[in-house]
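Examination of the molecular architecture
Here's the letter readout for the chains.
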Amino acid sequence: MIASVRGPVLEIALDHAVIDCAGVGYRVLATPVTLSRLRRGDEATLLTSMIVREDSMTLYGFTEPDARALFALLQTVTGVGPRLAMATLAVLEPDALRRALADSDTKALTSVPGIGKRVAERLCVELRDKVDRPTADTATGSVPAGGIREQVAEALVGLGFTAAPTEKAVTAVLAENPDADASTVLRRSLAMLGKAS
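Residues numbered from 1 in each chain as written. Predicted model: local features only at pLDDT ≥ 70, side-chain atom pairs only at ≥ 80, totals over all residues. Heavy atoms only, no water.

1. With respect to the nonpolar core
Grouped together as the largest cluster of nonpolar side chains are 31 residues, with contacts concentrated most on F71, V80, L97, L109 and L123. Setting aside chain neighbours within four positions, we find L123 in contact with L74, V77, V80, L101, L109, I115 and R128. (Core = buried A, V, L, I, M, F, W, Y, C linked by side-chain atoms within 4.5 Å. Buried < 20%, exposed > 50% of the residue type's maximum accessible area, 1.4 Å probe, protein only. Contact = heavy atoms within 4.5 Å.)

2. A word on the environment of P94
Positionally, P94 belongs in helix α4 (residues 94-102). Judged by relative accessible area, which is 16%, P94 ranks as buried. Considered as a pair, P94 and R68 are 26 residues apart in the sequence and their alpha carbons are 9.5 Å apart. The residues touching P94, leaving out its near neighbours within four places in the chain, are D66, A67 and L70. (Helix = DSSP H or I, 4+ residues; strand = E, 2+ residues; numbered from the N terminus.)

3. Some remarks on the pattern of salt bridges
Summed over all chains, the structure comprises 4 salt bridges. The shortest N-O distance in the salt bridge between R6 and E43 comes to 3.7 Å. Linking R6 in strand β1 (residues 4-12) with E43 in strand β4 (residues 43-52), this pair joins segments that are 37 residues apart in sequence. When its relative accessible area of 54% is taken as the criterion, E43 is described as exposed. Close ionic contact of R98 with D66 constitutes a salt bridge, the shortest N to O distance being 2.2 Å. Taken together, the residues R98 in helix α4 and D66 in helix α2 (residues 65-74) connect sequence positions 32 residues apart. (Salt bridge = Lys/Arg side-chain N within 4 Å of Asp/Glu carboxyl O.)

Below, the structure written as structure tokens:
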């Protein structure tokens, strides 16, 4: 079992990064937020979860133990595999996910592509007693809009996008959704840049 990888970042794509570990490049699937914290050429450490299937061995990477623990917990629910668990963490950051599960907020859970009402209800019933509700001071939205604009623009440039289209996309997303958190702005900006390319 590969529990973590450390080394220079060789490549960053929309859904994965390649980390050089002693001459071997490991392709690690990760959320946009995790990928935004990496920079090509910089040394990085990712905690990993290795999923072995009959036809594949896949590494999923996280910067925090909490996200990796939630990734494993989500997969204990019938109908939730690693890709859906990763999609959930891409849409809902760990605190938002814990809050949704603790409060049985099926509306928040169904905002994840691939999670319908039935799976959302199953997640709430099976996991609400297994997660701690986050405290109020860790609520999302604590970063001012200017800070979010800079954070997201920097993350997108780190992913390989050029500055001018990045600024334009982030500004457009924030104009439509002034109260959006960094994770939402990053996802929507990525989608906009993806359509433009």
